[in-house]
Every structure is written in C-alpha cells, then in structure tokens.
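# Inside the fold
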Amino acid sequence: MRTVEEHRAVVAGLLPVMRAERVPLEQAHGRVLAADLPALVALPGFDNSAMDGYAARAAELADLPARLPVADDVPAGRTDVRPLAPGTVQRIMTGAPLPAGADVIVPVELTDAGTTTVEIRSSPAVGTHLRRAGEDIAAGTVAIAAGTPLGAAQLGLAAAVGHRELLVARRPRVLVLSTGSELVEPGADLLPGQIYESNSALLVAAVDDAGGVARRLHFVPDDVDQFLATVRAELAGRGDDAADLLITSGGVSAGAYEVVKDAFAALGTVEFLKVAMQPGGPQGAGTVDGVPVVTLPGNPVSAFVSFEVFVRPALRRALGHAAPDRLHAPAVLAEPLRSPAGRRQFLRGRYDGGRVSQVGGPGSHLVAHLARANCLVVVPEDVTDLPAGASVDVVLIEGALQ
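Scope of this entry: the structure provided in the associated data block. Because the structure is a prediction, the values reported are computed rather than measured.

## Description of the sheet that holds strand β5 (residues 66–74)
Sheets are built from strands that pair by backbone hydrogen bonding, the pairs being arranged parallel or antiparallel. Taken in spatial order, the 5 strands of this open sheet run β7-β4-β6-β5-β8, and their pairing is mixed. What marks the edges here is a single partner per strand, and that holds for β7 (104–107) and β8 (117–120). The mean angle between the axes of side-by-side strands here comes to 40°, regardless of whether they run parallel or antiparallel. Pairing of strand β4 (residues 53–56) with β7 involves 4 bridges; the strand directions are antiparallel. Bridge assignment links alanine 56 to a residue of β7, and that residue is valine 104.

So, in structure tokens, the structure goes:
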C-alpha cells in the first residue's frame, strides 16, 4: 500500500512544466506568470498630488488665514507644468504633476475654493498629500514574480508598469472520461439500476478551477475493447490540441468489470494500487501511448478527494504556481469523530471562524454532503479518535478560499 505522499510524487512526476506563451493582457486573467515581470516605469512616475486642492510652499503658510493669488491650474494629465512662483499657489487636481517648488498640498476643503485668489484657513504640515515618484515601485525592479496567478490586482499592476502582453504558462489540456454501463446522461430517462453520470461534470470543473482546459469524453460502457479503442483514438494526433493528461473515473477497484484496470493493465504502462487514504483508496497512474494518465475511483466523493489530493497540485506545479497546494488552516472540532487506523481520512466539513463541523458521514457516495462542504478535515493515519475541541488540520476547498 502506497502512502499519500508517495502517490502525490508519482502523479506530479507525470506532468512536465508547461511551455510559456505570450498573450494579450486582456486574455491573461487566471493564468500563471511564467517569468518575473519587471516594472518598465516607476509608480508613481512623477511627484503628484494626492488631493484636489492647492500646491503651495509650507513656509508661506505660517500665518493663517492667508490670501494668495492662484497663478495656474494643474489638471491631471498636464505635461507643461510651470514652477511655483514665490508668494503664489497653483490649483491642482488629484494625480496631477507637482509644480517644482511646492512642498505641500492644501485640500480644497481647508480653503474658500477661490480660482483667482484663494483664502487658506488651515494647512497641513510640509510634505502632506504628496505622492513621491517611485514610492510604490521603482523602475526596473520585479513587479510580479514568476509563478504568481494573475488576478484583477496583478493585471492592473502589469498594465500600470507598461506591459501590453504577458508571458504565461500554457494551460494543460486534459481529457476527462467516466466509465460504467450503469451511467446515463443527465436529463434522460432512468431505467432500474441506472444512475446519472456526474463525475465528468465534477472533474471538468475541477480541472478548470486548477487552471487547465478540460474536454469531456462521452462515457463508455464496461467493455475493454471499446474503452481502449475510444481512449487511443482520442489520444492519437490532434497536433496543437494533443492531450497533456487523461483522467478517468471508475473501473479501478478489485472486483469484476473493472474496465479501466483491465484495459490499461494489459499495456504494462499504468500501475494500479491502493493508497493509504479514505475515501479514494484504489488509484492508478502511468502513461498510455506516451500520454500521462491518472485513474480515479468511480464514487463521486472518492473522485473529488482524489483529484484534490493528487491531480490538482500536479496541474498547478505544471503551470509553475509558486504555491501549488490549497490553503490549510488549523481548526477546532465542533464534535468528536472516529477514523480507521492506518488510513489518512479526508472528511467533508464546514469551516467557520476557526471551528469545523463534519458534513455527513464518511461514505464516498454522499455527494450532496460534499456539495455543502467548504473544507476537507485531515485525520492522520495513526489517529482513530478525536474528541470535540481537538485541533485538526483542514484543507480549504471553497472556490473563494484558494
């Protein structure tokens, strides 16, 4: 029986780091930066005003109130700002360049808002309300490090420092295939003994969330020859659309009609084994016709947990993520729980304010309970009983908690 860490290493080793490609800024959202991004300009690029008000010399405002002539207007975007003449002020807008000689901005609220002559009733200290060139970031320094996921803030920064295109990791192309003669397309009529196929919807969304591009293959019945022919036809050719990874669900246990195991074991390039975990014990990994393959159990909860533990971090490493794993957090159990000896348990839970409650039982078929969970409660292999109030490690799986 393989440990969780051993199988994680095997799956991670199947996927190489994705090559880099250059994309326009507007297409980079959610991608991973492939190289350090330098600041082409400083931020701010020049000394400017942080307020609407008046650029002045603080030394000339020692006796207040003071009335001074307004020598000029400086709106944002002006490129021909004149130096500040002694004994005058310039009306200035937020973001506008600071006139040479000015060392304070007097907010308009502290004045009578005059346009030719202004009465200044109160003044802040020298240096107040000024944004100095380069105080946010200096030109030539690293603005965003390689391995950073590009969200709204990162794209805003990339644009602000002058980049129109970004070098990002290519998204892994993943084929998702569910097996089982009992499976029926959602929405169709069910006969006795049939169930709606749900794993492909779950896994396609999970691949997308991890940063990959998933393509769902129509599930096939439990026929070894038909299954293998379908897989090989999909993996052959396709040029630039060739798959980087095939994920299957179902057909990997020890019983009869385990089509994935029967088909791939004959090739000798996919290893099937047990991992010391629950749910998700039966696993497989290897290659088929040179393409990496990960075979997951068929129960929906087992498939989800297996993806989270093994496939998601492997995809994110291939994308170059500096932090490929989900966030972990310590939590206090709201109620006692039991766990089988010798297996790492991943229980569904609800995490809130440092406390966690188990959602449903340990059954790998309880998909409704999975949908209500926002974390996985991790119970080590050597722990069988935990009382209420015990400290546990939880893996945050809710979309907003990356």
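## What to know about unusual backbone geometry
The step from leucine 43 to proline 44 runs through a cis peptide bond, and the omega angle for that step is -15°. As for its placement among the helices and strands, proline 44 is situated in the loop between β2 (37–38) and β3 (48–49). Geometrically, the link from leucine 64 to proline 65 is a cis peptide bond, its omega value of 0° lying close to zero. Tracing the sequence through the fold places proline 65 in the loop between β4 and β5. Even without glycine at this site, alanine 113 takes up a positive phi of about 65°. Here alanine 113 is to be found in the loop between β7 and β8. Its relative accessible area of 40% is what places alanine 113 among the partly exposed residues. At aspartate 289, a position not held by glycine, the phi torsion is positive, near 50°. When you line up the elements, aspartate 289 lands in the loop between β19 (282–288) and β20 (291–296).

## Remarks on the pairing of strand β23 (residues 344–352)
Pairing between strand β18 (residues 277–278) and β23: 2 bridges, direction parallel. Each bridged residue has a counterpart across the sheet, and for glutamine 278 the counterpart in β23 is glutamine 345. The pairing of β23 with strand β25 (residues 375–379) spans 5 bridges and is antiparallel. Within the sheet, the bridge partner assigned to arginine 348 lies in β25 and is leucine 376. Sheet topology note: the β23/strand β24 (residues 355–358) ladder contains 4 bridges and is antiparallel. Within β24, the position partnered with aspartate 352 by the bridge is arginine 355. From the end of β23 to the start of β24, which pair antiparallel, there are 2 residues, and glycine 353 there has a positive phi angle of about 60°.

## Observations regarding the nonpolar core
Membership of the largest hydrophobic core comes to 39 residues, with the highest contact counts inside it found for Ile247, Phe307 and Val311. Here valine 311 is in contact with Val11, Leu245, Ile247, Val294, Leu296 and Ser306, once residues within four sequence places are set aside. Counting residues in each nonpolar core, the second largest holds 20 residues, with Ala243, Val259, Phe264 and Val270 among its members.

## A word on the packing of aromatic side chains
For any pair of aromatic rings, the description consists of the separation of the ring centres together with the inter-plane angle of the planes. Within the structure shown, the criterion is met by 1 aromatic pair. Their ring planes at 50° and their centres at 5.3 Å tell us that phenylalanine 227 and phenylalanine 264 sit as a pair that is tilted. Of the two residues, phenylalanine 227 sits in helix α4 (residues 224–235) while phenylalanine 264 sits in helix α5 (residues 259–265), which places them 37 residues apart along the sequence. As far as burial versus exposure is concerned, phenylalanine 227 and phenylalanine 264 are alike and both buried.

## Here's the deal with helix α1 (residues 4–14)
For α1, the set of buried residues is Val4, His7, Val11 and Leu14. What you see down the axis of α1 is that its buried residues fit within an arc of 85°, all on one side. Those residues of α1 that are buried lie in contact with β17 (270–274), β18, β19, β20, α6 (300–318) and β23.

## Remarks on the packing of α1 against α6
Between α1 and α6, whose axes approach to 9 Å, the crossing angle comes to 40°. Of the possible angle classes, the one that applies to α1 and α6 is oblique. The handedness of the crossing between α1 and α6 comes out as right-handed. Seen from α1, the contacting residues are Val4, His7, Arg8, Val11 and Ala12; seen from α6, they are Val309, Phe310, Val311, Pro313, Ala314 and Arg317. Of the residues contributing to the contact of α1 with α6, the split by class is 8 nonpolar, 1 polar and 2 charged.

What counts and how
- Residues numbered from 1 in each chain as written.
- Predicted model: local features only at pLDDT ≥ 70, side-chain atom pairs only at ≥ 80, totals over all residues.
- Heavy atoms only, no water.
- Pairing = 2+ DSSP bridges.
- Helix = DSSP H or I, 4+ residues; strand = E, 2+ residues; numbered from the N terminus.
- Axes fitted to C-alpha atoms, helices over the stretch in contact; angles between N-to-C directions.
- Buried < 20%, exposed > 50% of the residue type's maximum accessible area, 1.4 Å probe, protein only.
- Core = buried A, V, L, I, M, F, W, Y, C linked by side-chain atoms within 4.5 Å.
- Contact = heavy atoms within 4.5 Å.
- Phe/Tyr/Trp six-rings, centres within 6.5 Å; stacked < 30°, edge-to-face > 60°.
- Arc of directions from axis to C-beta.
- Parallel < 35°, antiparallel > 145°, perpendicular 65-115°, else oblique.
- Left-handed = near helix turned anticlockwise from the far one by under 90°.
- Nonpolar A, V, L, I, M, F, W, Y, C, P; charged D, E, K, R; others polar.

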